[in-house]
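In case you want the letters, here they are:
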Amino acid sequence: MLIKTKANILSSEITDRAVFESRREFIKAATAFSAGFLLPSLGQAETGKYADVPVGPSSAKLAVTDREDVAGYTNYYEFSTNKQDSTVLAQALKIKPWSVEVVGEVAKPGVYDLEDILKDNPVQERIYRFRCVEAWSMVVPWIGFPLGDMLKRFKPTSKAKFVEFTTFYNPEIMIGQRSGVLDWPYVEGLRIDEAMHPLAMMATGMYGDELPKQNGAPLRLIVPWKYGFKSIKAIVKIRFMENTPETAWHKSAPNENGFYANVNPEVSHPRWSQRRERVLGSSIFTPKRDTEKFNGYGAEVAGLYSDMDLKRYF
Ligand code: MTE
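- As annotated in an unreviewed UniProt entry, the protein chain carries the name Protein-methionine-sulfoxide reductase catalytic subunit MsrP and comes from Candidatus Methylobacter titanis.
- On record in UniProt, under Sequence similarities (unreviewed entry), the comment for the protein chain is "Belongs to the MsrP family."
- The Subunit (unreviewed entry) comment attached to the protein chain in UniProt states, word for word, "Heterodimer of a catalytic subunit (MsrP) and a heme-binding subunit (MsrQ)."

What follows is the structure, given as structure tokens:
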């Protein structure tokens, strides 16, 4: 048993839940519609009872990971390469006010206040699997909105073939940026059709609450069929581009970290196998689970790569 307090869910299933703009709004909505119109309320999200979640096409059942495990074990190299230290050090980041600069191949460039972005993009909850390239995984109820909906509002031009995302940069606050572990700032990117795919989302919260700073507040990307390093945190800039962005992890080790980084048990990392994964929160006696291609989202996303050799474009 992975996590005894959780009902099993089909983790590839998106759970469209209350449309809410803030935790307060969510609580109000959940109270107003508690007669079963909405899926479980905030309290249930916190205790992880997802028994009502509709059944989806995935082959595997997984339990939602404990919030404490997700918030207490984070990869945030801007603060530390230590997964516990980063959870503490990230508290130094000031996340209000926050704005996002939009540049490049786009008809409506500018500096957008996050508050305005949130007004235009109502949030919903989605339970997704998350698979790190380091071969651990978790299942998280994120709160956020479809990435494509937000991007379309900036009116990309026909030359916009890729989207690049950049994390906040300030080594005074993000003390890990004083090290040379990556070429800062952290940059990630997607092909435009990947970015527009309905499964790609911008997260602003998790477990029915605001996103903890260590998990990427106030705005992070979630691309559930790709290794976790694509899911960039604390985004301050979005650039629409004609050519492939040079991303931080790819730049640091191009033979290890491909631009696409689709979860793929058939393509080993040069230093370890990607066939299996350790489920976060499970005991050392629990067998690892088999990793699924595209992290179990193949039915939804494999078509994006139908003409590509995924061993070459890893
Ligand atoms: N984004 C930034 N800016 N800095 C990082 O170090 N780490 C990535 C990704 N996004 C990272 C980042 C990696 S390697 C993973 S696995 C996920 O964040 C981890 O997300 P989590 O800490 O919320 O579990």
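Remarks on empty space enclosed by the protein
(1) Moving on: For the coordinates displayed, the defined rule picks out one cavity of 30 Å³ or more.
(2) Moving on: Estimated volume of the largest cavity: approximately 70 Å³.
(3) Moving on: Around the largest cavity sit 14 residues that line it, and Leu62, Ser137, Met138, Val139 and Glu277 are the ones nearest its centre.
(4) Moving on: Secondary-structure elements contributing two or more residues to the lining of the largest cavity are strand S2 (61–63), strand S5 (124–131), strand S6 (136–146) and strand S13 (276–279).
(5) Moving on: Split into classes, the residues belonging to the lining of the largest cavity amount to seven nonpolar, three polar and four charged.

Observations concerning the UniProt feature "binding site: Mo-molybdopterin" (unreviewed entry) in the protein chain
(1) Moving on: The UniProt record annotates "binding site: Mo-molybdopterin" (unreviewed entry) at Tyr77, Glu78, Cys132, Thr167, Asn215, Arg220, Ser231, Ile232 and Lys233. In the annotated set above, the residues contributing to the lining of the second largest pocket are Tyr77, Glu78, Cys132, Thr167, Asn215, Arg220, Ser231, Ile232 and Lys233.
(2) Moving on: Inspection of the secondary structure puts Tyr77 in the loop between helix H3 (67–71) and helix H4 (85–89).
(3) Moving on: One can find Asn215 in the loop between strand S10 (209–210) and strand S11 (220–222).
(4) Moving on: Reaching out from Asn215, the side chain makes a polar contact with the backbone oxygen of Val70 at a distance of 3.1 Å.

Comments concerning the pattern of salt bridges
(1) Moving on: For the structure on display, the rule yields 13 salt bridges.
(2) Moving on: Arg129 is paired through a salt bridge with Glu292; the nearest N and O atoms lie 2.7 Å apart. Of the two residues, Arg129 sits in strand S5 while Glu292 sits in the loop between strand S14 (289–290) and helix H9 (298–301), which places them 163 residues apart along the sequence. We note that Arg129, like Glu292, is buried.
(3) Moving on: The residue Glu194 makes a salt bridge to Lys226 at a minimum N-O spacing of 2.7 Å. Here Glu194 is found in helix H7 (residues 192–195), whereas its partner Lys226 is found in the loop between S11 and strand S12 (235–241), with 32 residues between them in sequence. Of the two residues examined, Glu194 and Lys226, each falls in the buried class.
(4) Moving on: In this structure, a network of salt bridges that share partners links the residues Arg129, Arg131, Glu277, Arg289 and Glu292.

So, the site of the ligand
(1) Moving on: For the ligand, the set of nearby residues contains 18 residues, the closest of which are Tyr77, Glu78, Asn215, Arg220 and Lys233.
(2) Moving on: Take Asn75: an N or O atom from its main chain is 3.1 Å from an oxygen atom of the ligand.
(3) Moving on: Here a nitrogen atom of the ligand sits 2.7 Å away from a polar atom, N or O, in the side chain of Glu78.
(4) Moving on: Within the complex, 99% of the 530 Å² of free accessible area of the ligand lies under protein.
(5) Moving on: Of the pockets mapped on this structure, the ligand occupies the second largest pocket.
(6) Moving on: Its residues assigned to classes, the shell around the ligand shows nine nonpolar, six polar and three charged.

Observations regarding the sheet that holds strand S4 (residues 110–113)
Backbone-to-backbone hydrogen bonds join strands into a sheet, with any given pair of strands oriented parallel or antiparallel.
(1) Moving on: Here five strands make up an open sheet; going across it, the order is S4-S3-S12-S7-S8 and the pairing mixed. Edge positions in the sheet fall to S4 and strand S8 (187–191), since each of these pairs with one other strand and no more. Strand-to-strand, the axes of this sheet are offset by a mean angle of 20°, without reference to chain direction.
(2) Moving on: For strand S7 (residues 162–167) and S12, the ladder comprises six bridges, and the chain directions are antiparallel. Counted as the bridge partner of Phe162 is Met241 from S12.

Observations regarding the layout of surface pockets
(1) Moving on: Roughly 500 Å³ of volume is contained in the second largest pocket.
(2) Moving on: Considering the residues around the second largest pocket, the lining is formed by 32 residues, among which Asn75, Cys132, Tyr186, Phe229 and Trp249 are closest to the centre.
(3) Moving on: Looking at the lining of the second largest pocket, the elements that each hand over two or more residues are S6 and helix H8 (248–252).
(4) Moving on: No other element matches the three residues that S6 contributes to the lining of the second largest pocket.
(5) Moving on: Across the lining of the second largest pocket, the residue classes tally to 17 nonpolar, nine polar and six charged.

Here is what the cut-offs are and how they apply
- Residues numbered from 1 in each chain as written.
- Predicted model: local features only at pLDDT ≥ 70, side-chain atom pairs only at ≥ 80, totals over all residues.
- Heavy atoms only, no water.
- UniProt positions renumbered as here; feature names shortened; annotations may be inferred.
- 1 Å grid on protein atoms, 1.4 Å probe; cavity = no way out; pocket = protein on both sides within 12 Å on 5 of 7 lines; lining within 4 Å.
- Points joined across faces, edges and corners; volume = space filled by probe spheres on them.
- Helix = DSSP H or I, 4+ residues; strand = E, 2+ residues; numbered from the N terminus.
- Nonpolar A, V, L, I, M, F, W, Y, C, P; charged D, E, K, R; others polar.
- Polar contact = N/O pair within 3.5 Å; in protein donor to acceptor, adjacent residues only side chain to side chain.
- Salt bridge = Lys/Arg side-chain N within 4 Å of Asp/Glu carboxyl O.
- Buried < 20%, exposed > 50% of the residue type's maximum accessible area, 1.4 Å probe, protein only.
- Near = heavy atom within 4 Å.
- Areas by Shrake-Rupley, 256 points an atom, 1.4 Å probe, with all protein chains shown as cover.
- Sits in = over half its atoms within 2 Å of the grid points.
- Pairing = 2+ DSSP bridges.
- Axes fitted to C-alpha atoms, helices over the stretch in contact; angles between N-to-C directions.

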